[in-house]
Structure formats: C-alpha cells, structure tokens
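The primary structure of each chain is shown beneath.
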Amino acid sequence: MKLRTLSSLEGSKKISNQTVLIRVDYNVPLEEKKGSLTVADDTRLVNSKKTIDWLLENGNKVILLSHLGRPKEAPEAKYSLRPVFNYLKEQNWWPKLSFIDNISQDAKDEISLLRGGEVVILENMRFYIGEKQNTRGHAQWLASFGDVFVNEAFSSCHRAHASTVGIAQILPSYAGFALEEEVNALEKIIKTPARPLVAVVGGAKISDKVEATANLARMADVVLVGGGVANNFIKAQKVEVHKSYLESAVEADDKKKDINYVKTAKKIIEENCWEVYLKDGYIPLQKIVYPVDVWAASDLKSDQAQLINLDRDMHDTDKDKNLMYLDIGPKTIRLFQEIILSAGTVFWNGPMGVFENPSFSMGTGEIARAVAKTSAVTVIGGGDTIDALKNAQLEKQIDFVSTGGSASLEFLAGKVLSGLAVLAP
Ligand code: AMP
C-alpha cells in the first residue's frame, strides 16, 4: 500500500521550522505505584520516539495527540494522559516537554509561543465529543493548532476519528517512520502467506473483531476462536453459556446497536466450509474452530475453576446458571496446539481467557508456547497478547509483533484502514 511518508521527504521538502501535530498511540497500560498511576509498558512510547526526534532535529515544534481508554466523550480523571506525561518527563527524552489539559483558544495561544524543539502533549482526544464522530468543525479546530500532520499510530488507523482521519484531510499529512515500517511488514505477510494460514482470535470485544473474523475466515485455512469472543460461537450452536460474557449491542459502538453477535457468529460458521487444509492436505474439520471444553466459575476473581465439557456436561441447575466460561479447557488447548504446530503462518490476536486471573491463564499461556514453538511465520497483535508473550518471556520467538490489535486484525483481513486511506499519495 502506497503512503505519503516522512521518509520520502528529502532536501527542501523536509519538514522544518513548522508546528507538527503527531497522532501517537499512548493508550498504554497503567499501573499504580506508590499511590499514583504510572506507565506499565512503554513499548508504544518508544515506538514514536524516532519520528519525534527527527522532527525536533529539524527545528519543528511537536504537538502529540493521543487517546487513552474509552472515556464517554467527556473528561474522566482515570483516562487522563497526565501519567504518561509524568513518565516521559522522568525519561527526559525531550527536555522541553509540557502538558496542556484542554484545547481552548488559550491553549492554542500558549502553543503559538513555543519554540522549535519543544514538545507538548495534549489531553486525551476522546474527552471531546467531535473526536469519535469526526465532525468537520472539531477536526478543523484541531488542525488549526499546527501546520502539518503526521500519523504514527498504526493501532488507531482502523478508526475514522478526528485525530486520525479528520485532520489528515485538512493538513498536509504523512505516515511516520514506525507506521510505515509496520504497514510494510504486515503487507509482506498478507501478500503471500505460507500456508496453512491459521488465525487465532480471542479477547472479549467481539464488536471490534467480528467483521475481521469473517474476512479472515475467507483468507485463512483455519480460524481458532477462544476467549470471550468464543462464547458467541458456542451459543450460536445452541450450547448454553449461562452468565458468560456476551458483549451486548449497547456496550458496543452506537452505530452497531442492532447487531446480534450470536447471530453473526452463526452466519460466520455457516458461511465457511467443513474441509480445512492442514500441512498434509485437507481434513474434514470445520474451518471455524471454537472450544469443546472450558474452565468456568461464577466470579471473575474466583480461584475455583470448574471444567466443563461443552458436549456433555451441560446441566442447567441453579448452580450452573451463574457460571461464566473464563478459559479454554485442556482438550481445546490440545486441539489448538496441534493446528498451530502444523501451520505455515500463524496470526494471533486476543487472549484465550481471563488471563489476568492465574486460575484462567492456562489457555493463553499454552497457546503462547505453541505460537513460540511452531516453525510457522508468526505475527501477533494486541496489547494483551503481547503482554501474555512477554510474561512467558517468549516474545523474542515471534517473527513480527504488531502494535495494533484490532487494526492489525482488520489490516490482515484485507480491509483498507481509514487512517491509512487518507495518507494515500
Ligand atoms: P480484547 O480487548 O477484546 O482483546 O479483550 C481482552 C480482555 O478479554 C482481557 O482483559 C481478558 O480478561 C478478556 N477475556 C478473555 N477471555 C474472556 C472470557 N472468556 N470472558 C470474559 N472476558 C474474557
């Protein structure tokens, strides 16, 4: 995919002495230390450094735009980017770094007084109502803070928001170094994947993944579905899931309000064939593979995991009614491992269970080990998936770690991401 890139600007075309708005993805995991929040994993911060340093060396002022979490289009203290600013201040990568907590006229005046070499982080872009809706007025206001726009947030490119798409439609805009590198690496994988191509999809938010799962199912030889997403596929087979997590349409994006994800899962299963290609040829296996057994409990924090075989242990007693399926079971692990080990390419996005609780982390850990062990080309994406591999100290055995979760899922599923489309030459 061709993009307008920073790396292609040479000589007099180089951006210098301008105010550059950079969309970064500082939606990083935070943890509490000594009573205050700090950054738990700075991979995404490090990822943006090369582009920022390069622009500062050329005498530009840099304004960083990012989101953090999912605030409800209004300021919420727990989603402030201030902890990220404090962390960066401690790292001292950019001695002249400041934080502005609003986008008022005063903020703009303050920025206009800055000099080349200075960096400002603006507060969470999702505190503003025009961000997700990408209203023209909001995008124009944001764009008026700078002269040039650079996108360095691959992981947000699947969202047509004001800070990813709106500004890019107004200002001269370019892909940053890391964004360009990531697109090139992922593109190489989809053009000619070594087969069988096995996609492993987990996590909880099916609203983010359902379309990509449907597209991946067309491209991939096998799709292994685990985590909360699998509950939709299990229920689609009329197997009881009790109180298991099924994302309600209301929790998902407003635009998708009428979607019933269980019905969608059923359609995906029906649309895909019953013969899958594995290394030694075709076998009569359903292309969409979901758990045959699960570990369950009636509480996310429980340490009393109960094994349920989905084909036979299905009782509907009052006790069962409160059960949630929280991890894939041993038979499912065995099945998924076998398929991953015979793959040519594996793409994995999303944990297989509530891996934050050790009682339900086995599925994710075992799949991480299989992905690390397979001789296939391996690509992983998504914060939790990366964490799971890091926890098991296996991330060095992965061929490509994408910064984007849903963005890489959609990209690999063949979708043109809105944030990239606006950077086309
Ligand atoms: P996502 O952002 O969609 O990748 O979701 C990641 C989250 O999914 C993690 O916090 C997991 O705890 C959660 N998760 C994984 N499996 C399940 C499950 N079976 N039920 C509920 N939540 C789950």
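Residues numbered from 1 in each chain as written. Predicted model: local features only at pLDDT ≥ 70, side-chain atom pairs only at ≥ 80, totals over all residues. Heavy atoms only, no water.

## Examining the nonpolar core
When a protein is soluble and globular, its nonpolar side chains tend to lie buried together. Counting residues in hydrophobic clusters, the biggest one holds 98 residues, and the most contacted among them are Tyr26 and Phe233. No other element matches the six residues that helix α8 (residues 206-219) contributes to this core. When residues no more than four places from it in sequence are discounted, the contact partners of Tyr26 are Arg44, Leu45, Ser48, Ile52, Leu64, Ser66, His67, Leu68, Leu81, Val84, Leu88 and Trp94. (Core = buried A, V, L, I, M, F, W, Y, C linked by side-chain atoms within 4.5 Å. Buried < 20%, exposed > 50% of the residue type's maximum accessible area, 1.4 Å probe, protein only. Helix = DSSP H or I, 4+ residues; strand = E, 2+ residues; numbered from the N terminus. Contact = heavy atoms within 4.5 Å.)

## Some points on the environment of Gly381
You can see Gly381 is positioned in strand β18 (residues 377-381). With a relative accessible area of 0%, Gly381 lands in the buried category. Sequence separation of Gly381 and Gly130 is 251 residues, and the distance between their C-alpha atoms is 28 Å.

## Observations regarding the site of the ligand
Every one of the 13 residues lining the ligand counts as a neighbour, but Ala204, Lys205, Lys209, Tyr325 and Glu356 are closest to it. In this structure, Ala204 approaches the ligand through a main-chain N or O atom, which is 3.0 Å from an oxygen atom. One of the side-chain N or O atoms of Glu356 is found 2.5 Å from an oxygen atom in the ligand. For the ligand, whose free accessible area comes to 510 Å², the fraction covered by protein is 83%. Considering only residue class, the shell around the ligand consists of five nonpolar, four polar and four charged. (Near = heavy atom within 4 Å. Polar contact = N/O pair within 3.5 Å; in protein donor to acceptor, adjacent residues only side chain to side chain. Areas by Shrake-Rupley, 256 points an atom, 1.4 Å probe, with all protein chains shown as cover. Nonpolar A, V, L, I, M, F, W, Y, C, P; charged D, E, K, R; others polar.)

## A short note on the packing of α8 against helix α10 (residues 261-271)
It is at 10 Å that the axes of α8 and α10 come closest, and there the two elements cross at 10°. By the angle between their axes, α8 is roughly parallel relative to α10. Residue-level inspection shows Ile206, Ser207, Val210, Ala214 and Arg218 of α8 in contact with α10, the latter providing Tyr261, Thr264, Ile268 and Glu271. The class makeup of the residues in the contact of α8 with α10 is five nonpolar, two polar and two charged. (Axes fitted to C-alpha atoms, helices over the stretch in contact; angles between N-to-C directions. Parallel < 35°, antiparallel > 145°, perpendicular 65-115°, else oblique.)

## Concerning the side chain of Asn232
With respect to the element layout, Asn232 can be found in helix α9 (residues 229-236). Residue class for Asn232 comes out buried when judged on its relative accessible area of 2%. Within the structure, Asn232 has its side chain in polar contact with the backbone oxygen of Val229 (distance 3.1 Å). Residues within four places of Asn232 in sequence aside, it is in contact with Ile206, Leu246, Tyr261, Val262 and Ala265.

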